[in-house]
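Working through the structure, step by step
Next come the chains, spelled out residue by residue.
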Amino acid sequence: MSWLQLFFLHPVSFYQGAAFPFALLFNYLCNMDSFPTHARYLFLLAGGGTLAWAAMGSFALLVFIPALCSVILICSLGPQEVHRWTFFFQMSWQTLCHLGLHYTEYYLQEPPSMRLCITLSSLMLLTQRVTSLSLDICEGKVDAASGGIKNRSSLFEHLCKALPYFSYLLFFPALLGGSLCSFQRFQARVQGSSSLCPRHSFWALTWRGLQILGLECLKVVMRGVVSAGSGLADCQQLQCIYVMWSTAGLFKLTYYSHWLLDDSLLCAAGFGSEFGQSPGEDGYIPDADIWTLETTHRISLFTRKWNQSTARWLRRLIFQHGRAWPLLQTFAFSAWWHGLHPGQVFGFLCWAVMVEADYLIHTFANLFIRSWLMQLVYRIVTWAHTQLIIAYVMLAVEVRSLSSLWLLCNSYNSVFPMVYCILLFLLAKRKYKFN
């Protein structure tokens, strides 16, 4: 099998690659004065609809319906009500769709359709954009067209007001993946001209392409390592640690590669970090900060840098509004948003405990470790422990089923999160006495 076939083996990568020429075309047309704003919105919306039908088939209706309903709610409700109702509707719809996946996987014992999996992934991204837009309206960052449906304006005027929202929720560069783009940034990009120098854009895309190619090569090597070894069901004692590390490494390489491809598509369309930032506008944050993720010795920093735009979205949506146990609320909601599979519930709750322990461990360590040699040893040990705990959480989230989760919990790998749990208990008790 050729390298090109290995790369395009995943359907999402294939469809993202197929959308690349149209992203470049959109970026090119934005430099032309003859390409008006409404035509730009329609181009992105038509591209999103076409890509959805191609990638999802009839399941695309599961994305179109909530997008339409969300726009209706945004155009008909006031700024103080819009977020509550859109959040409730979108999460209810997404949960029902995930329950359909549960029914297929656990009751019928059948593998789910790839098109359905792509649809659910796109639906999760749609939830991000819907709630981000509704929060912007609620906080006064975006002027809403509230009451637009109730007044006596013509149908054409209603559609013109709703078009930017439709286009934002379904624009094709972010339909199947990519960093969360705020509505302000989206609107500024569509209404403005491309600020990219063609040479700069070419080298930026070339560099991303070389990174993706390197990651795909590493994936092939790591896939061979994982396939040649035993699984969690066959490993013995310390061998299970190697199995966990290598399998989690393959998962991480897959995520890095997809994130870079998604970022490249947004960059090609002009929505990437190279576009710049307007005053008062949220900046573009790419999802993959590979160097920090692979070198950090702190679980809390890894958590903030892993899928950065989603982490920032969860912080804004849940953490900043949580009154009691905001960290636990955030991870519990993340498990709900991901689909509430058994492995996901266990993995995200375990992750929350690990982050809480990480804060205490490093706070006490900074007070008592003074010499540079001890700091170096401490950093190496905590780096290794952080990577192994993340590998444990990642396997729990990815395997999802109860049987695989049971194998993971009964292996030697459970020692690593258990150490942090014990330290959390001891240090929390000591902190309470100190206070």
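Quick note: structure is the one above.
The structure presented is a predicted model; accordingly, all values stated were derived computationally and were not measured.

Here we come to the overall build of the protein. For the protein, the count of helices and strands is 18 helices and zero strands. A compact globule built from 435 residues would reach a C-alpha radius of gyration of about 22 Å, and the protein, at 23 Å, matches this within 12%. In terms of principal-axis extent, the alpha carbons of the protein reach across some 70 × 60 × 50 Å. Out of the 435 residues belonging to the protein, those deemed buried represent 49%. A separation threshold of at least 6 residues defines the contact pool for the protein, and within that pool the share at least 24 residues apart is 77%.

Most of helix α13 (residues 308–317) sits inside the fold, with seven of its ten residues counted as buried. Within α13, burial applies to Q308, S309, T310, W313, L314, R316 and L317. In this structure, the buried side of α13 is in contact with α5 (79–107), α6 (114–138), α12 (299–305) and α14 (326–338).

Turning to the state of the cysteines, a few remarks are in order. In the structure shown here, the tally under the stated rule is one disulfide. With a sulfur-sulfur separation of 2.1 Å, C235 is cross-linked through a disulfide to C240. Judged by the sign of its S-S torsion, about 95 degrees, the cystine formed by C235 and C240 is right-handed. In this structure C235 comes out as buried when scored by relative accessible area, which is 11%. Given the relative accessible area of 5%, C240 is considered buried. Between C138, a cysteine without a disulfide, and C75, which holds the nearest cysteine sulfur, the sulfur-to-sulfur distance is 16 Å. C160 takes part in no disulfide bond, and the closest cysteine sulfur to it belongs to C75, at a distance of 12 Å. Look at C160 and you get partly exposed, because its relative accessible area is 24%.

Each value, and the rule that gives it
Residues numbered from 1 in each chain as written. Predicted model: local features only at pLDDT ≥ 70, side-chain atom pairs only at ≥ 80, totals over all residues. Heavy atoms only, no water. Helix = DSSP H or I, 4+ residues; strand = E, 2+ residues; numbered from the N terminus. Rg over C-alpha atoms; globule rule 2.2 N^0.38 Å. Buried < 20%, exposed > 50% of the residue type's maximum accessible area, 1.4 Å probe, protein only. Contact = heavy atoms within 4.5 Å. Disulfide = S-S within 2.5 Å.

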